[in-house]
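The primary structure of each chain is shown beneath.
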Amino acid sequence: MAAPMDLGVTSHFINSNNKLRSNQLKLISKLGYRTVALDNFVEDLMAMKKSKKGKNEEIKVIDPESLKIPVDKELEKYFKSTAGGNVKQYTRLTTVLHDPGVRRRMQNPDVQKYDILAVQPTDDKMFLLACQQCDVDIISLKLTSRLDFNVKRKIVKLAVERGIHFEISYSPMITDSSSRQQVLSNALELNKVCKGKNIIISSQSEKFMGVRSYYDVKNLCCLFGMSEKEAKDALTVNCAAVLKHAAMRKNLVKGALYVRKLSEPSVRMDTEKIDQAKDSNDNKQSNETSLSQNMQGHKRKMGYVENELTQQDKSVKNDEAKLAKKLKNV
């Protein structure tokens, strides 16, 4: 089984003080998580600023390496003393998908440096764009308020087929009682549409008290309508699938491979034609063999007839010779 993961630790939660940051990593390890993704949330990825020459240029996002918590000797010693070992750190960028231009902006090198990419769509058109075309790993919905669009199963299926996962963040239920009911309602609806598949659970907490242990979160998932297996997968297997999808997106060359099912009409016609061709070839071969056998039989008969005729000719010649001798004697 894959180790428990939290792929949504917000950058606001990581204090600039190295001492507090190392303590945070200790807390994550103590709660049972072996892998975390440090999230940089960008409200507007298409924000512009004026350069020295007076031209508008895109604001570059911060370097992802600056998000990672430095592991000093004391922290290494702590990890070695615990049964779980070291905590793997990944970087993540989440942005609001409010315009189709955000999809183009996410292809820039400063964004592609991040290990995991996530978007938060604002309406039904942006939700369709995220599921159908955006080259991301996670779709994160703002569950603390009522969604401005319906999460339809057909659209969700497009994202699932592309290996994209949906995120449910549990910390607002703990830290904000006013949004608890809305988070539960949205999470139940999302899990119902996804049928428990391609869902990950993360904290997305800005406070220490908003993070819970692996077993507490697994029990909390029953409020989202998940079974025990679905809850376990949402914290382990599905998170590992997100990391695998992100690695393939970053490192592999894009290609296309189209595989048609045998149930498609065109393929059925092709297979029927192939079978008919095979049958006709078999018939031709059988006809040719039978014809050759008949020819051989005819040749044998002709040879037998020729032998009989030659023998008859010889006997006739002998009779003629005998008759000629008798006539001479007379």
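So, how was this worked out
- Residues numbered from 1 in each chain as written.
- Predicted model: local features only at pLDDT ≥ 70, side-chain atom pairs only at ≥ 80, totals over all residues.
- Heavy atoms only, no water.
- Helix = DSSP H or I, 4+ residues; strand = E, 2+ residues; numbered from the N terminus.
- Contact = heavy atoms within 4.5 Å.
- Areas by Shrake-Rupley, 256 points an atom, 1.4 Å probe, with all protein chains shown as cover.
- pLDDT = per-residue confidence, 0-100.
- Buried < 20%, exposed > 50% of the residue type's maximum accessible area, 1.4 Å probe, protein only.
- Disulfide = S-S within 2.5 Å.
- Axes fitted to C-alpha atoms, helices over the stretch in contact; angles between N-to-C directions.
- Parallel < 35°, antiparallel > 145°, perpendicular 65-115°, else oblique.
- Nonpolar A, V, L, I, M, F, W, Y, C, P; charged D, E, K, R; others polar.
- Pairing = 2+ DSSP bridges.
- Expected span 1.5 Å × (residues − 1).
- Patch = residues over 30% accessible without salt bridge, like charges linked within 9 Å, V, L, I, M, F, W, Y side chains within 5 Å.
- Salt bridge = Lys/Arg side-chain N within 4 Å of Asp/Glu carboxyl O.
- Lys, Arg positive; Asp, Glu negative; His and termini not counted.
- Charge placed at Lys NZ, Arg CZ, Asp CG, Glu CD.
- Polar contact = N/O pair within 3.5 Å; in protein donor to acceptor, adjacent residues only side chain to side chain.

All right, on to the overall build of the chain then. For the chain, the helix and strand inventory stands at 12 helices and nine strands. When contacts within the chain are restricted to residue pairs at least 6 apart in sequence, those whose partners lie at least 24 apart make up 76%. Surface summary for the chain: the accessible area is close to 20600 Å², and the carbon and sulfur share equals 53%.

Model confidence for the chain is summarised by a mean pLDDT of 80, while 70% of its residues fall at 70 or above. Low pLDDT (under 50) marks residues 253–269, which in the prediction has nine contacts with non-local residues, meaning those over four places away or in another chain.

Here Glu161 is to be found in helix α6 (residues 153–161). In this structure Glu161 comes out as exposed when scored by relative accessible area, which is 59%.

Okay, the state of the cysteines next. The tally for this structure, following the rule as stated, stands at zero disulfides. For the unlinked cysteine Cys194, the closest cysteine sulfur is that of Cys131, found at 8.8 Å.

Interhelical geometry of helix α5 (residues 124–132) versus α6 gives an angle of 30° and a closest axis separation of 7 Å. When the axes of α5 and α6 are compared, the pair comes out roughly parallel. Contact with α5, carried on its side by Phe127, Leu128, Cys131 and Gln132, involves Ile155, Val156, Leu158 and Ala159 of α6 and no other residues of that element. Across the contact of α5 with α6, the residue classes tally to seven nonpolar, one polar and no charged.

With that out of the way, let us pick up the sheet that holds strand β6 (residues 116–121). Pairing within the open sheet is parallel, and its seven strands lie in the order β1-β2-β5-β6-β7-β8-β9. The sheet is open, and its two edges are formed by β1 (5–10) and β9 (199–202), each paired on a single side. Ignoring which end each strand starts from, the neighbouring axes of this sheet average 30° apart. Pairing between β1 and strand β2 (residues 35–42): four bridges, direction parallel. Directly across from Met5, in β2, lies its bridge partner Thr35.

Attention now goes to the environment of Leu31. Here Leu31 shows up in the loop between α1 (18–30) and β2. C-alpha of Leu31 to C-alpha of Val211: the two residues are 180 residues apart in sequence and 8.6 Å apart in space. Setting aside anything within four residues of it in sequence, one finds Leu31 in contact with Val211, Arg212, Ser213 and Tyr214.

The end-to-end C-alpha separation of helix α8 (residues 180–194) is 21 Å, in line with the 21 Å expected for 15 residues at 1.5 Å each. What α8 keeps buried is the set Val183, Leu184, Asn186, Ala187, Leu190, Asn191, Val193 and Cys194. The secondary structure elements touched by the buried residues of α8 are α6, β8 (165–169), α7 (171–175), β9 and α10 (228–235). At the exit of α8 stands Lys195, carrying a positive phi of roughly 60°.

Right, let's talk about a positive patch on the surface for a bit. Positive charge collects at one region of the surface, where Arg153, Lys157, Lys192, Lys195 and Lys197 lie side by side. Along the polypeptide, Lys157 turns up in helix α6. When its relative accessible area of 52% is taken as the criterion, Lys157 is described as exposed.

Tallying each qualifying case throughout the model produces eight salt bridges. A salt bridge links Arg105 to Asp110, with the nearest nitrogen and oxygen atoms 3.1 Å apart. Classification of Arg105 as buried rests on a relative accessible area of 1%. Sharing partners across several salt bridges, the network here consists of Asp39, Arg92 and Glu167.

Attention shifts here to the side chain of Gln89. With respect to the helices and strands, Gln89 occurs in strand β5 (residues 88–97). Within the local environment of Gln89, its side chain forms a polar contact with the backbone nitrogen of Ile69, the two atoms lying 2.7 Å apart. Once residues lying within four places of it in the same chain are set aside, the contact partners of Gln89 are Leu25, Val36, Leu38, Lys68, Ile69 and Val71.

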